[in-house]
Amino acid sequence: LYRAYSDADQRVSDLQACIDFANRFDSLAELVESAALHTDDVDSDDGVVLTTIHRAKGLEWASVFIVGLSEGVFPLARYDDTTERGEERRLFYVAITRAQRWLYLCHAWQDEMRGTLRSPSRFLDEIDRPIETAEPGACLVNRSENVRP
């Protein structure tokens, strides 16, 4: 970090602030709920916005990271019905169209809780634009000028 960034001290301080913030919650669900409640307060492009896909409708950002794109997570395993799967697909479309320039599509190769391997979401195969694949454990990155499907 210190070799790569001249403002490494500030970055470390920011990371520590994030850790301190996260430690105030008993669960990840509580942290996400609290963060989602405050997304309307963001008036600048100088920060990170943590939001749900539902709350992101109508909004756009220069860079968007979509995490959890593993089969059984997105789309959810419980959505076997074609109608429910279609709704998940529409949500995925909403998510990827929030990016103005950079879209990072991330999935986990392993489920640490269950100790099982996960495959990438079927929705990633439906993207008709080139996708660069990073090393296992990293993100799939679409660096297209226009990330619209």
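Residues numbered from 1 in each chain as written. Predicted model: local features only at pLDDT ≥ 70, side-chain atom pairs only at ≥ 80, totals over all residues. Heavy atoms only, no water.

With respect to the pattern of salt bridges
Phase 1: Within the structure shown, the criterion is met by three salt bridges.
Phase 2: When the shortest N-O distance is used, the salt bridge between arginine 122 and glutamate 71 registers 2.5 Å. Taken as a pair, arginine 122 in helix α5 (residues 122-125) and glutamate 71 in the loop between β1 (61-66) and α4 (82-96) lie far apart in primary sequence, 51 residues in all.
Phase 3: Linking glutamate 87 and arginine 90 is a salt bridge whose minimum nitrogen-to-oxygen distance equals 3.3 Å. (Salt bridge = Lys/Arg side-chain N within 4 Å of Asp/Glu carboxyl O. Helix = DSSP H or I, 4+ residues; strand = E, 2+ residues; numbered from the N terminus.)

A look at the packing of aromatic side chains
Phase 1: The final tally for this structure, using the stated rule, is five aromatic pairs.
Phase 2: When the centroid spacing of 5.1 Å and the interplanar angle of 65° are considered together, the rings of phenylalanine 21 and phenylalanine 25 count as edge-to-face.
Phase 3: Residue classification places phenylalanine 25 among the buried residues on the basis of a relative accessible area of 17%.
Phase 4: When the ring of phenylalanine 74 is compared with that of phenylalanine 123, the centres are 5.9 Å apart and the planes differ by 85°; the resulting orientation is edge-to-face. Residue phenylalanine 74 is found in the loop between β1 and α4, and its partner phenylalanine 123 is found in helix α5; the two are separated by 49 residues along the sequence. One exposure class covers both phenylalanine 74 and phenylalanine 123, and it is buried.
Phase 5: Each member of the aromatic cluster is reached from another via a ring pair, and the members are Phe74, Phe92 and Phe123. (Phe/Tyr/Trp six-rings, centres within 6.5 Å; stacked < 30°, edge-to-face > 60°. Buried < 20%, exposed > 50% of the residue type's maximum accessible area, 1.4 Å probe, protein only.)

Regarding the side chain of serine 121
Phase 1: Assignment of secondary structure puts serine 121 in the loop between β4 (116-117) and α5.
Phase 2: Owing to a relative accessible area of 1%, serine 121 belongs among the buried residues under this scheme.
Phase 3: If near-sequence neighbours (up to four positions away) are discounted, serine 121 is found in contact with Leu69, Ser70, Glu71, Phe74 and Pro75. (Contact = heavy atoms within 4.5 Å.)

Examining the nonpolar core
Phase 1: By size, the foremost hydrophobic cluster in this structure holds 14 residues, and its most contacted members are Ile66, Leu69, Phe92, Leu103 and Leu105.
Phase 2: Going through the elements one at a time, β1, α4, β2 (99-106) and α5 are the ones with two or more residues in this core.
Phase 3: Take this core: its biggest share by element is four residues, from α4. (Core = buried A, V, L, I, M, F, W, Y, C linked by side-chain atoms within 4.5 Å.)

Let's talk about the environment of phenylalanine 123
Phase 1: Judged by relative accessible area, phenylalanine 123 falls into the buried class, the value being 0%.
Phase 2: In this structure the C-alpha to C-alpha distance between phenylalanine 123 and arginine 89, which are 34 residues apart in sequence, comes to 7.1 Å.
Phase 3: Excluding anything up to four places from it in sequence, phenylalanine 123 contacts Phe74, Pro75, Arg85, Glu88, Arg89 and Phe92.

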